[in-house]
Amino acid sequence: GAGVSQSPSNKVTEKGKDVELRCDPISGHTALYWYRQSLGQGLEFLIYFQGNSAPDKSGLPSDRFSAERTGGSVSTLTIQRTQQEDSAVYLCASSANGGEETQYFGPGTRLLVL
Amino acid sequence: QKEVEQDPGPLSVPEGAIVSLNCTYSNSAFQYFMWYRQYSRKGPELLMYTYSSGNKEDGRFTAQVDKSSKYISLFIRDSQPSDSATYLCAMIGAGANNLFFGTGTRLTVIP
C-alpha cells in the first residue's frame, strides 16, 4: 500500500513569510508525528496526534509553529513569519496506534528560508 | 546532556567489512530501541526494532542492546556499497509519545 506522503518536497521562502507543509499518513494509522531534521541536530520531535485526543505539542519550538489534523487523516504544519533558523527537513511519520508502535516516515519537505 | 548520543562519523569502510554503529543514552525510561536507515534525500526507514537486552539478528544486521550500560549497537556484516547511508538510532519509553533520535552516523562503503 501507499506509504506516508508529504508535499511539497522542497520549499524555498523568504524570511517573514508563512508556509504550510502537508502530510498524508498511511491509511488507517491513528497516530501522526511531525519531526524536524536539521544538519548536525538529528531528528527533533515537534508534535504528535493520536486519534481524537488533544495533540502533544510539547516539541513545538515557538508559537510560530502550529499543526492541525483534519478528520483524523491529513495533517498540515504551519510556520508563521519564517526565520532562517527554520530551514530544515520536516518529516512526518505515522503509526498504527501510537506509543511504541513502529513509525513509518515520509520523504520529508526540505524548507529553505532565505 | 542530550538524551541520546551518537557519533556522527563520517565512517568509511571497504566493501565486505564489518561495521559497528553505536549509541548511548541517559534516560533509563527508554524501553524500545530502533535503528533507522536514511538514504540521501529520503525519509528514515526502520531497520531493526528491539525491546530487550541482548542480540537480535536479521540477515546481515545484528542489533545489540545493553540496558545496564545504556548502550546499543548495530552491526553490519559483509557490508555492501548499497549500505551507504545515514544510520539513526532511536528509542522510546513505554507509553511515551515520541521517539528520541541520535544525530545519525553517515556510513560509506567503498567498492
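Within any chain, residue numbers begin from 1 and follow the written order of that chain's sequence. All chains are assigned letters beginning with A, and all ligands numbers beginning with 1, in the order in which they are written. Since the coordinates come from a predicted model, pLDDT governs what is reported: local features require at least 70, and pairs of side-chain atoms require 80 or more to be given and counted, while whole-chain, interface and lining totals use all residues. The basis for every side-chain value is the complete set of heavy atoms in the structure, and neither hydrogens nor water enter the calculation.

Peer 1: With reference to specific residues and values, describe a nonpolar patch on the surface.
Peer 2: Residue and element names in this part refer to chain A. A patch consists of residues whose relative accessible area exceeds 30% and which take part in no salt bridge; residues with like charges are grouped when within 9 Å of each other, and nonpolar side chains (Val, Leu, Ile, Met, Phe, Trp, Tyr) when within 5 Å. Exposure was quantified through the Shrake-Rupley algorithm and a 1.4 Å probe, taking into account, for residues, occlusion by the shown protein chains and nothing else. Within this document, salt bridges are pairs made up of a side-chain nitrogen of Lys or Arg and a carboxyl oxygen of Asp or Glu, the two lying within 4 Å of each other. On the surface, a nonpolar cluster with roughly 280 Å² of combined accessible area is contributed by Val-12, Leu-112 and Leu-114. Inspection of the secondary structure puts Leu-114 in the segment after β10 (109-113). On the accessibility criterion, Leu-114 (53% relative accessible area) is exposed. Secondary structure elements are defined from DSSP: runs of H or I of at least 4 residues count as helices, runs of E of at least 2 residues count as strands, and each element is numbered from the N terminus. To sort residues, take the accessible area from a 1.4 Å probe on protein chains only and compare it with the maximum for the residue type: under 20% means buried, over 50% means exposed, and anything in between is partly exposed.

Peer 1: I'd like a description of the packing of aromatic side chains, backed by residues and values.
Peer 2: Pairing of aromatic rings covers Phe, Tyr and Trp, the last counted by its six-membered ring, and requires centre-to-centre distances within 6.5 Å; plane angles under 30 degrees mean stacked, over 60 mean edge-to-face, and any other angle means tilted. Enumeration over the complete set of coordinates arrives at 13 aromatic pairs over all chains. Taking the centre distance of 5.4 Å and the plane angle of 85 degrees together, the rings of A:Phe105 and B:Tyr36 count as edge-to-face. Residue A:Phe105 is found in strand β9 (residues 104-105), and its partner B:Tyr36 is found in strand β4 (residues 30-38); the two belong to separate chains. A residue is classified by how much of its surface remains accessible, and B:Tyr36, at 0% relative accessible area, is buried. Here B:Tyr36 and B:Phe101 contribute two aromatic rings whose centre-to-centre distance is 5.7 Å and whose plane-to-plane angle is 50 degrees, an arrangement assigned as tilted. Of the two residues, B:Tyr36 sits in strand β4 while B:Phe101 sits in strand β10 (residues 100-101), which places them 65 residues apart along the sequence. Put simply, the rings of A:Tyr33, A:Tyr35, A:Phe45, A:Tyr48, A:Phe105, B:Tyr36 and B:Phe101 touch in pairs and so form one group of aromatic residues.

Peer 1: Tell me about the state of the cysteines, and please be specific about residues and values.
Peer 2: Residues and elements named next belong to chain A. Any pair of cysteine sulfurs within 2.5 Å is marked as a disulfide. Here the structure, examined in full by the defined rule, presents two disulfides over all chains. A disulfide bridge connects Cys-23 with Cys-92, and the sulfur atoms are separated by 1.8 Å. An S-S torsion of about -65 degrees defines the bridge between Cys-23 and Cys-92 as left-handed. Placement of Cys-23 in strand β3 (residues 19-24) and of Cys-92 in strand β8 (residues 88-95) is noted, with a sequence separation of 69 residues between them.

Peer 1: Which residues make up unusual backbone geometry, and what values do they have?
Peer 2: Most peptide bonds take the trans form, and the phi angle of most residues other than glycine is negative. Residue A:Ser7 is joined to A:Pro8 through a cis peptide bond whose omega torsion reads -10 degrees. Assignment of secondary structure puts A:Pro8 in the loop between β1 (5-7) and β2 (10-13). Of the consecutive residues B:Gly9 and B:Pro10, the connecting peptide bond is found in the cis state with omega at 5 degrees. Relative to the elements of secondary structure, B:Pro10 occurs in the loop between β1 (4-6) and β2 (11-14). One non-glycine residue, B:Arg41, lies in positive phi territory at about 65 degrees. Along the polypeptide, B:Arg41 turns up in the loop between β4 and β5 (45-50). Of note, the phi angle at B:Lys70 is positive, near 55 degrees, even though the residue is not glycine. Its location among the elements puts B:Lys70 in the loop between β7 (61-66) and β8 (71-76).

Peer 1: I'd like to hear about the pattern of salt bridges, residue by residue, with values.
Peer 2: Residues and elements named next belong to chain A. Within this structure, the stated rule accounts for seven salt bridges over all chains. Here Arg-22 makes a salt bridge to Asp-24, at a shortest N to O gap of 2.8 Å. The class for Arg-22 is partly exposed, based on a relative accessible area of 39%. Residue Asp-24 is classed as partly exposed on the basis of its relative accessible area, which comes to 23%. We note a salt bridge from Arg-64 to Asp-86, for which the minimum N-O separation is 2.8 Å. Highlighted residues: Arg-64 in the loop between β5 (42-50) and β6 (65-69) and Asp-86 in the loop between β7 (75-79) and β8, separated in sequence by 22 residues. This pair shows no difference in class: Arg-64 is buried, exactly as Asp-86 is.

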